[in-house]
Amino acid sequence: MTQLPDSLEAAVVQAKEATRAALADGLLRIQVELVFSELKPMPIARQFLDLFEDLGEHLKVIFPDAGAAALASRDWGPQPFAIRSLSEVKGQPQPEDRLFLLVSPSSVEVSEVEKFSEQVGDRPIIMLNPQLEDAATIGIGYASRQLRIRFLSTFEPCYYLRPLEQAALLRAYPGSWQVWQELDQEYKLVAEQSHKPVGEELDQILFGSPETPEALKGREGFFKGLQRFIKALNQ
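We now turn to the structure provided with this report. (Residues numbered from 1 in each chain as written. Predicted model: local features only at pLDDT ≥ 70, side-chain atom pairs only at ≥ 80, totals over all residues. Heavy atoms only, no water.)

A separate point is the side chain of Asp-97. Here Asp-97 is to be found in the loop between β3 (82-85) and β4 (99-103). Among the residues examined, Asp-97 registers a relative accessible area of 4% and is labelled buried. A polar contact of 3.0 Å, which involves the side chain of Asp-97, links it to the side chain of Lys-60. Looking at Asp-97, its side chain comes within polar contact range of the main-chain nitrogen of Gln-94, at 2.8 Å. The contacts of Asp-97, once residues within four sequence positions are left out, are His-58, Lys-60, Gln-92 and Arg-123. (Helix = DSSP H or I, 4+ residues; strand = E, 2+ residues; numbered from the N terminus. Buried < 20%, exposed > 50% of the residue type's maximum accessible area, 1.4 Å probe, protein only. Polar contact = N/O pair within 3.5 Å; in protein donor to acceptor, adjacent residues only side chain to side chain. Contact = heavy atoms within 4.5 Å.)

With that out of the way, let us pick up the pattern of salt bridges. Here the structure, examined in full by the defined rule, presents 5 salt bridges. The salt bridge involving Arg-150 is made with Glu-114; its shortest N-O contact spans 2.8 Å. Pair noted here: Arg-150 is in helix α6 (residues 142-152) and Glu-114 is in helix α4 (residues 110-120), with a separation of 36 residues, a long-range link. Between Glu-156 and Arg-171 there is a salt bridge, and its shortest N-O distance comes to 2.6 Å. (Salt bridge = Lys/Arg side-chain N within 4 Å of Asp/Glu carboxyl O.)

Strand order across the open sheet formed by 9 strands is β3-β2-β4-β5-β1-β6-β7-β8-β9, with mixed pairing between neighbours. If you trace the sheet from one side to the other, it starts and ends with β3 and β9 (186-193), each paired once. For this sheet, the mean inter-axis angle between neighbouring strands, taken without regard to orientation, is 20°. Here strand β2 (residues 59-63) pairs with β3 via 4 bridges, running parallel. Pairing of Phe-63 across the sheet is with Ser-85, part of β3. The strands that helix α3 (residues 66-76) touches are β2 and β3; relative to β3, the one it contacts most, it runs at about 155°. (Pairing = 2+ DSSP bridges. Axes fitted to C-alpha atoms, helices over the stretch in contact; angles between N-to-C directions.)

Moving on, we come to the environment of Tyr-173. Here Tyr-173 lies in the loop between β7 (167-172) and β8 (177-183). In this structure Tyr-173 comes out as buried when scored by relative accessible area, which is 14%. In sequence terms Tyr-173 and Ala-15 are 158 residues apart; their C-alpha atoms lie 8.6 Å from each other. With near-sequence residues (within four places) excluded, Tyr-173 lies in contact with Ala-18, Ala-21, Ala-22, Asp-25, Leu-27, Glu-156 and Cys-158. At 2.6 Å, the side chain of Tyr-173 forms a polar contact with the side chain of Asp-25.

The structure is reproduced here in structure tokens:
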């Protein structure tokens, strides 16, 4: 059983292990999400790249815009892999590319990302912390929703960690979706299932395991600890 990570560093390790397992099973479209509003994508991407060091120049790291790609190139220094933006001609899939890491594409680039994924063909592509579900940007019309749903459904949610109010939603491939809740001053697994619980289903799971008043008082909590790691990474 996957355990809830006790730090952001541990979460990244879990994400890499889940991604390695998914690639070993032959999955080609993989999605990794650490859902924290304060989290900047570049430090996480840099840690994540250790997983692909054996690929060397056959790895291509894609950012949604040229500014982010230039910043990564500057901060990371010389690397064996290519760092490109989605809009560059050189950022498009090339015959020598064996794996693509797409870092934090936004809802603005949904159509471009879908086209890019089709061009990749039967080579692995990993989306790290995508921001493709922003209805305020992409629109809430039927066509926009269908585009988003159709495209995202082609990706396996290989790793997912999201803090909730005194709870957390976790999935690490090939395991199940897990709901953890803070009970009696520690996080406990309260539900495990094959699909992602959302909306009323998630509320029902959490309300079915109410916390005691004592457990709600005077505790820093797991995710406040994570915030310190996030701030440290973002500096």
